[in-house]
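# Results of the structural survey
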Amino acid sequence: MKTLISYIDEQNIDLEELKKHAKLLKEGKTVIFPTETVYGIGADALNEDAVSKIYKAKGRPSDNPLIVHISNIDKVYELSRNVSDKAKIVMEKFWPGPLTIILPKNKIVPNKTTGGLDTVAVRMPSNKIALKLLELSDLVVAAPSANISGRPSPTKGEHVVNEMNEKVSGIIVGDKSDFGIESTVIDFTEEIPLILRPGVISQSDLEKVIGKVNIDKSLLKKEDNIKAKAPGMKYTHYSPNADVFIFSGENKFENINKIIKENEAKNIKSGVICKTQNKDKYLGEVIALGKDSLEIASNLFDSLRQMDNKNIDVVYAEEFEFDEVGVAVMNRLLKASGYKIIKF
Ligand code: TXA
Ligand code: MG
């Protein structure tokens, strides 16, 4: 498939170029576009054939539902048959932005889009290119993260150009994603709204406006004390080619450096991802992600891809704080590691 690749400046959008991609979407084709969270692969959410192309390009299991992206709040009432008061408050407060809400669906939303569920996930992104593309196409656009299923989500244009060229009809390259992890997903079909996926909009941000919100505790399920070379129990989500381990505990610097030296003797290339404050403490290939959880989130997926580019065999990731945004960071990291944790 030939892919139209366009480089667009978010601060000075070339409308004529963007219209070509809006046209592709209207023709039932797939277009990758930047959002403030991660890049998404979009297609007309109300057109089953178009939606099928997304699943095919990603190699995604068809029972995994998609998020429908909108540029105008009124569209929610077309997509959902019942928008609760709490959902309305949250939409007004956090949209456009990195938040997805789950609502009972209306008939116009095909089962293909919702993976057969009776609910629909909706989000209004804040990225200016994304909003303008949605507006120009006059569609509601289903868009999962634009990675091959199982790989880290893409946060830079180069990630999608390298991975998805010739798998989609259009790619719009914008800036690096602001947040770098996917939107918070909150389910309003539960009595008490339930966070299904943590993101930069935290449980306490939501509780400030709608009162009690639950968070699915299994999001941070841990298995402790697994040996560093535990045989392949790789959970395929956000995974680079390298094997990933999270480490923490007593004398973590000396202990991890000892493992890195042992690996070196066996010709195993090691990498470390860590807080910027600790970057001089480690041997091996070190990538500093940032000083706080928000900065760490924005660089996490890119660092995993960089480790692959450097042909690293094993990545050791510091356990980061479980503060508000840190919960979202650790959720992604736990999945990327297949919940493999080394506790010293
Ligand atoms: O930030 C984001 O949300 C990005 C950008 C592109 O907008 N999109 C994204 O989509 O992360 P995706 O498909 O990679 O993740 C969507 C998540 C999945 O975990 C999916 O299972 C869940 O949302 N989801 C979608 N519809 C749902 C529904 N009706 N009920 C429960 N979970 C749903
Ligand atoms: Mg995804």
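Now for a description of the structure that goes with this document.

### Details of the sheet that holds strand β13 (residues 270-275)
- Taken in spatial order, the five strands make up an open sheet running β14-β13-β15-β12-β16, and their pairing is parallel. A strand with exactly one partner marks an edge of an open sheet, and here the two such strands are β14 (285-290) and β16 (341-343). With direction set aside, neighbouring strand axes in the sheet form an average angle of 25°.
- The pairing of strand β12 (residues 243-248) with strand β15 (residues 314-318) spans five bridges and is classified as parallel. Note that in β15 the partner of Asp243 across the bridge is Val314.
- Most of the contacts of helix α9 (residues 252-265) go to β15, to which it runs at about 175°, and overall it touches β12, β13 and β15.
- The sheet contacts of helix α10 (residues 293-309) involve β12, β13, β14 and β15, and relative to β14 the element is tilted by about 155°.

### Some points on the packing of aromatic side chains
- In total, this model carries five aromatic pairs according to the counting rule given.
- Here Phe247 and Tyr282 contribute two aromatic rings whose centre-to-centre distance is 5.8 Å and whose plane-to-plane angle is 85°, an arrangement assigned as edge-to-face. Pair noted here: Phe247 is in strand β12 and Tyr282 is in the loop between β13 and β14, with a separation of 35 residues, a long-range link.
- Residue classification places Phe247 among the buried residues on the basis of a relative accessible area of 0%.
- Among the residues examined, Tyr282 registers a relative accessible area of 8% and is labelled buried.
- Between the aromatic rings of Phe253 and Tyr282, the centroid separation amounts to 5.4 Å while the plane-to-plane angle is 65°, which identifies the pairing as edge-to-face. Residue Phe253 is located in helix α9, and its partner Tyr282 is located in the loop between β13 and β14; the two are separated by 29 residues in the primary sequence.

### Details of the packing of α10 against helix α11 (residues 324-336)
- Where α10 meets α11, the axes come as close as 8 Å, and the angle between the chain directions of the two elements is 20°. Between α10 and α11, the interaxial angle falls into the category roughly parallel. Every pair of crossing elements has a handedness; the one defined by α10 and α11 is left-handed. Across the interface between the two elements, Ser293, Leu294, Ile296, Ala297, Leu300, Phe301 and Leu304 of α10 pack against Val325, Gly326, Val329, Arg332, Leu333 and Ala336 of α11.

Rules used throughout
- Residues numbered from 1 in each chain as written.
- Chains lettered and ligands numbered in written order.
- Predicted model: local features only at pLDDT ≥ 70, side-chain atom pairs only at ≥ 80, totals over all residues.
- Heavy atoms only, no water.
- Pairing = 2+ DSSP bridges.
- Helix = DSSP H or I, 4+ residues; strand = E, 2+ residues; numbered from the N terminus.
- Axes fitted to C-alpha atoms, helices over the stretch in contact; angles between N-to-C directions.
- Contact = heavy atoms within 4.5 Å.
- Phe/Tyr/Trp six-rings, centres within 6.5 Å; stacked < 30°, edge-to-face > 60°.
- Buried < 20%, exposed > 50% of the residue type's maximum accessible area, 1.4 Å probe, protein only.
- Parallel < 35°, antiparallel > 145°, perpendicular 65-115°, else oblique.
- Left-handed = near helix turned anticlockwise from the far one by under 90°.

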